[in-house]
Amino acid sequence: MKLTVVGCSGSFPSAESACSSYLVEADGFRLLLDMGNGALGELQRHIGLYDLDAVFLSHLHADHCIDMCGYFVARYYRQEGRCGPLPVYGPEGTEQRLTTAYADTPSPTSMSEVFDFHTLKSGSFDIGPFSIRTERVAHPVEAYAIRLEHAGKTLTYSGDTGVCEPLHELAVGADLFLCEASFTYGKEDIPDLHLNGREAGAHARRANVGRLVLTHVPPWTDGSQNLADARAVYDGPTELAAPGAVYHV
């Protein structure tokens, strides 16, 4: 699997990065994990606008899904003709949420003309060549972490979550753990919302992952501090996600 960080800023875009969006490729199949603010523009630095094969939306906060509205425009009003339905996996109500956010679709069902919506539940299924397992995690809205397996390798993406057992289960033995670290250890302490760097590192250590990549660090959070906090409890390879970074799993 090839993982490309399209955007990694949490809550809102920074001057350097779009919000959460990660491109995973294998066997010519291209799956996008989230499409937050600014991600659609950045995605075009890596692949063509119409080259995606599927989209996974971990939850429906704007910093993870709002650029799907722009992508609707690109697919619905394409000069060469409307695109066929692209598989989109998201929590219950994804189509309605995106339609409301766009505010002026030609009809209440226009989104489904270019997106084939699938409702996420905890469980296992396939997307293209990937074996997928999703679990609901600890966040104020319905949110899912995802474990992808392909050719004997495993990638786990936390989405947005606080400390919870389902995240650990998905991360166990992962070759790469892409984990949010929004909060600062010793500063914010809000359960069931986000992780800090130390908590992300603790999850990585307990799950015995091969590599930890911290992501979803908001512009007002010191990423270097979160990195140091994670390294204090997890001694495996650990780094901060950066836009354009590529990992081979």
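Right above here is the structure, for reference.
Figured I'd write up the structure that's included with this text. Just so it is clear, the model here is predicted, and its values are computed rather than measured. (Residues numbered from 1 in each chain as written. Predicted model: local features only at pLDDT ≥ 70, side-chain atom pairs only at ≥ 80, totals over all residues. Heavy atoms only, no water.)

## Examining the overall build of the protein chain
Here's step 1: Tallying secondary structure elements over the protein chain gives eight helices and 14 strands in all.
Here's step 2: For 249 residues, the compact-globule estimate of 2.2 N^0.38 gives 18 Å, and the protein chain sits close to it at 17 Å.
Here's step 3: Expressed along its principal axes, the backbone C-alpha trace of the protein chain runs to roughly 55 × 40 × 30 Å.
Here's step 4: Looking at the protein chain residue by residue over its 249 residues, the buried ones come to 55%.
Here's step 5: Taking contacts inside the protein chain between residues at least 6 apart in sequence as the whole, the part at least 24 apart equals 60%.
Here's step 6: Of the roughly 10000 Å² of accessible surface on the protein chain, a fraction of 47% belongs to carbon and sulfur atoms.
Here's step 7: Each charge class in the protein chain was averaged separately, 18 positive and 32 negative side chains, and the resulting centres sit 3 Å apart. (Helix = DSSP H or I, 4+ residues; strand = E, 2+ residues; numbered from the N terminus. Rg over C-alpha atoms; globule rule 2.2 N^0.38 Å. Buried < 20%, exposed > 50% of the residue type's maximum accessible area, 1.4 Å probe, protein only. Contact = heavy atoms within 4.5 Å. Areas by Shrake-Rupley, 256 points an atom, 1.4 Å probe, with all protein chains shown as cover. Lys, Arg positive; Asp, Glu negative; His and termini not counted. Charge placed at Lys NZ, Arg CZ, Asp CG, Glu CD.)

## Here we look at helix 3 (residues 68–76)
Here's step 1: Most of helix 3 is tucked away, with seven of its nine residues classed as buried.
Here's step 2: Residues of helix 3 that are buried include every one of Met 68, Cys 69, Tyr 71, Phe 72, Ala 74, Arg 75 and Tyr 76, and no others.

## Some points on the sheet that holds strand 7 (residues 123–127)
Here's step 1: Read from one edge of the open sheet, seven strands run 7-8-9-10-11-12-13, paired in mixed fashion. Unpaired on one side and paired on the other, strand 7 and strand 13 (238–240) mark the two borders of the sheet. Averaged over all pairs of adjacent strands, the angle between their axes in this sheet comes to 20°, without regard to strand direction.
Here's step 2: Sheet analysis places strand 10 (residues 153–157) next to strand 11 (residues 176–180), joined by three bridges and oriented parallel. By the bridge assignment, Tyr 157 is partnered in strand 11 with Leu 178.
Here's step 3: Taken strand by strand, helix 8 (residues 223–231) contacts strand 12 (212–215) and strand 13, and its axis lies near 165° from that of strand 13. (Pairing = 2+ DSSP bridges. Axes fitted to C-alpha atoms, helices over the stretch in contact; angles between N-to-C directions.)

## Re the pairing of strand 9 (residues 144–150)
Here's step 1: Across the seven residues of strand 9, six count as buried, placing the element largely inside the fold.
Here's step 2: Strand direction decides the pairing type here: strand 8 (residues 130–136) and strand 9, joined by six bridges, are antiparallel. By the bridge assignment, Arg 133 is partnered in strand 9 with Arg 147.
Here's step 3: Relative to strand 10, strand 9 runs antiparallel, the two being bridged by five bridges. Paired with Leu 148 across the strands is Leu 155, a residue of strand 10.
Here's step 4: In this antiparallel pair of consecutive strands, strand 9 and strand 10, the connection spans two residues, and Ala 151 shows a positive phi of 50°.

## Quick notes on the packing of aromatic side chains
Here a ring pair, both rings aromatic, is described through the centre-centre distance and the interplanar angle of the planes.
Here's step 1: All chains considered together, the criterion is met by 10 aromatic pairs.
Here's step 2: A centroid spacing of 6.4 Å and a plane angle of 80° characterise the contact between Phe 72 and Tyr 77, whose relative ring orientation is edge-to-face.
Here's step 3: By way of ring pairs, the aromatic residues Phe 72, Tyr 76, Tyr 77 and Tyr 102 are connected into one cluster.
Here's step 4: Positioned over the ring face of Tyr 50 is Arg 78, at 5.1 Å from the centre of the ring.
Here's step 5: Positioned above the aromatic ring of Tyr 76 is the side chain of Arg 82, whose terminal nitrogen or guanidinium carbon lies 3.8 Å from the ring centre. (Phe/Tyr/Trp six-rings, centres within 6.5 Å; stacked < 30°, edge-to-face > 60°. Lys NZ or Arg CZ within 6 Å of the ring centre and 35° of its normal.)

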